[in-house]
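Inside the fold
Next come the chains, spelled out residue by residue.
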Amino acid sequence: MTQGQYVAAAYGVVFVFVLVYVAIIAAKLTRLQRETAELLELARGRAAAERRDVAPTTEVHGGA
Amino acid sequence: MGLALVLALIVAPEDLDQGVSQRIFYIHVPIALTAYFCFGLGAWKALRLLWRGDSRSDLESYVAIHQGTIFGALTLITGSIWAKASWGHWWLWSEDQLVLFLVLFLFYCAYFMLRFSLEEGPRRARSSAVFALFGVVLIPVSFLAIRLAEGLIHPTVFTREGPQMSGSMFATFCIAWAAVTLLAYVLYRVELVGKRLDSDLRELREAFE
């Protein structure tokens, strides 16, 4: 190997490490985004169920 | 980072002694200094945890040591490549500073083994913090070994008389160091935010179930 190739190898290794690290972080952020969406869906479902539970009582009051 | 790369690979003058392989210096030394800094930061956060009982410091210490290990691995790899290009050997066991840096690196690798062998909680946080604090003793030893070593194969660029390089080389080194430090800081913040978010989401999920 020539000296220039050693220099390219050293800088290349750093570049690949940073690239892999960023890819891992990106994958993790995607997972967190998916989990946040699931929790949001769960929270919306619960809020809707609570509204359904409260709704008949309101109707009885309205009818009286 | 782009400016640092252009300066290091194109603009900076070629070293008369080592030739083109000296350009590895502009990435190897800033990465090594950043690794030391990350290990030091990890130890500082560990001290805060033990001293003030600040529970947030546990995660900060862990992330700093994780960063330090990544930069430490890069220091060993780029150093080995530079050694092969300059000395004709990938590694020399007779060089104290190389062996001491390897010991420092392996010590902090063991930190993860300890951390993941214990259950999450205050005991794990305290044990990890104590381990991180022990490791910080190796940092000045490893750093000073480059100056105190008798085998003088590893070059000493920064002496009491100042940096042993031209003004443009020193400016390139400073910009490269600033770029690597900035990169390390950004990676540290991103990883820390990701880990905190992960922890918060886990707690939220448990609260829902």
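Residues numbered from 1 in each chain as written. Chains lettered and ligands numbered in written order. Predicted model: local features only at pLDDT ≥ 70, side-chain atom pairs only at ≥ 80, totals over all residues. Heavy atoms only, no water.

1. A short note on a nonpolar patch on the surface
All names here are of chain B. Nonpolar side chains collect at one region of the surface, where Met1, Leu5, Val6, Leu9, Ile10 and Val11 lie side by side and expose about 520 Å² of accessible area between them. In this structure, Ile10 sits in helix α1 (residues 2–11). The exposure class assigned to Ile10 is exposed, which follows from its relative accessible area of 63%. (Patch = residues over 30% accessible without salt bridge, like charges linked within 9 Å, V, L, I, M, F, W, Y side chains within 5 Å. Areas by Shrake-Rupley, 256 points an atom, 1.4 Å probe, with all protein chains shown as cover. Salt bridge = Lys/Arg side-chain N within 4 Å of Asp/Glu carboxyl O. Helix = DSSP H or I, 4+ residues; strand = E, 2+ residues; numbered from the N terminus. Buried < 20%, exposed > 50% of the residue type's maximum accessible area, 1.4 Å probe, protein only.)

2. Looking at the pattern of salt bridges
Pairing of side chains with opposite charge becomes possible as their charged atoms draw close. Under the definition given, this model contains 8 salt bridges over all chains. A salt bridge links Arg205 of chain B to Glu38 of chain A, with the nearest nitrogen and oxygen atoms 3.0 Å apart. On the criterion of chain membership, the pair formed by Arg205 of chain B in helix α7 (residues 167–208) and Glu38 of chain A in helix α1 (residues 3–63) is interchain, its members lying in two chains. A salt bridge links Arg202 of chain B to Glu120 of chain B; the nearest nitrogen and oxygen atoms lie 3.6 Å apart. In this pair, Arg202 of chain B is assigned in helix α7 and Glu120 of chain B in the loop between α4 (96–117) and α5 (122–135), connecting sequence segments 82 residues apart. Given the relative accessible area of 40%, Arg202 of chain B is considered partly exposed. Through salt bridges with shared partners, one network takes in Arg31 and Glu35 of chain A together with Asp198 of chain B.

3. A short note on the side chain of Gln67 of chain B
Within the secondary structure, Gln67 of chain B is located in helix α3 (residues 56–86). For Gln67 of chain B, the residues in contact, after removing those within four places along its chain, are Tyr21 of chain A together with Cys38, Ala184, Leu187, Tyr188 and Glu191 of chain B. (Contact = heavy atoms within 4.5 Å.)

4. Some points on helix α2 (residues 25–52) of chain B
With 28 residues, α2 of chain B extends 40 Å from end C-alpha to end C-alpha; this agrees with the ideal 40 Å at 1.5 Å per step. Trailing α2 of chain B by a residue or two, Gly53 of chain B shows a phi angle of about 70°, which is positive. (Expected span 1.5 Å × (residues − 1).)

5. A word on the interface of chain A and chain B
Contacts between chain A and chain B engage 23 residues on the former and 36 residues on the latter. Summed over both sides, the interface between chain A and chain B buries roughly 2,600 Å², with carbon and sulfur atoms accounting for 75% of that surface. The interface formed by chain A and chain B contains 2 salt bridges. One salt bridge in this structure joins Asp198 of chain B and Arg31 of chain A, with 3.4 Å as the shortest N-O distance. Between the two partners, chain A and chain B, sit 7 residue pairs in polar contact (both at pLDDT 80 or more). Looking at side-chain class alone, the side of chain A that touches chain B contains 15 nonpolar, 3 polar and 5 charged residues. (Buried area = accessible area lost by both parts, 1.4 Å probe. Polar contact = N/O pair within 3.5 Å; in protein donor to acceptor, adjacent residues only side chain to side chain. Nonpolar A, V, L, I, M, F, W, Y, C, P; charged D, E, K, R; others polar.)

6. Topic: the packing of α1 of chain B against α7 of chain B
All names here are of chain B. Remark: α1 packs on α7, axes separated minimally by 9 Å, with the N-to-C direction vectors making an angle of 145°. The two elements α1 and α7 cross, and the hand of that crossing is left-handed. Taken together, the residues of α7 that come into contact with α1 (itself represented by Leu3, Ala4, Leu7 and Ala8) are Thr172, Ile175, Ala176 and Ala179. Looking at side-chain class alone, the contact of α1 with α7 contains 7 nonpolar, 1 polar and no charged residues. (Axes fitted to C-alpha atoms, helices over the stretch in contact; angles between N-to-C directions. Left-handed = near helix turned anticlockwise from the far one by under 90°.)

7. Some words on the packing of aromatic side chains
Residues and elements named next belong to chain B. Taken as a whole and assessed by the stated rule, the structure comprises 15 aromatic pairs over all chains. Each ring, one from Tyr36 and one from Phe101, has its centre 5.6 Å from the other, and the planes form 80°; the classification is edge-to-face. A residue pair is termed long-range when its members are at least 10 positions apart, and Tyr36 in helix α2 and Phe101 in helix α4 qualify at 65 residues. In this pair, the class of Tyr36 matches that of Phe101, namely buried. Feature note: the residues Phe39, Tyr62, Phe107, Tyr108, Tyr111, Phe112, Phe116 and Phe131 constitute an aromatic cluster, connected by ring pairs. Note that Arg52 overlies the ring of Trp51, its terminal NZ or CZ placed 5.9 Å from the centroid. (Phe/Tyr/Trp six-rings, centres within 6.5 Å; stacked < 30°, edge-to-face > 60°. Lys NZ or Arg CZ within 6 Å of the ring centre and 35° of its normal.)

8. Considering the confidence of the model for chain B
For chain B, per-residue confidence averages 86 on the pLDDT scale, and residues scoring 70 or more make up 90% of the total. Across the whole predicted complex the pTM is 0.83, and at the interface the ipTM reaches 0.81. (pLDDT = per-residue confidence, 0-100.)

9. Describing the nonpolar core
Nonpolar side chains in soluble globular proteins generally cluster together in the buried interior. Ranked by size, the top nonpolar core spans 52 residues in total, and within it Ile24, Phe25, Tyr26, Ile31, Leu104 and Tyr111 of chain B carry the most contacts. Elements that contribute at least two residues to this core include exactly α1 of chain A together with α1, α2, α3, α4, α5 and α7 of chain B. Excluding anything up to four places from it in sequence, Tyr111 of chain B contacts Ser61, Tyr62, Ile65, Ser128, Phe131 and Ala132 of chain B. (Core = buried A, V, L, I, M, F, W, Y, C linked by side-chain atoms within 4.5 Å.)

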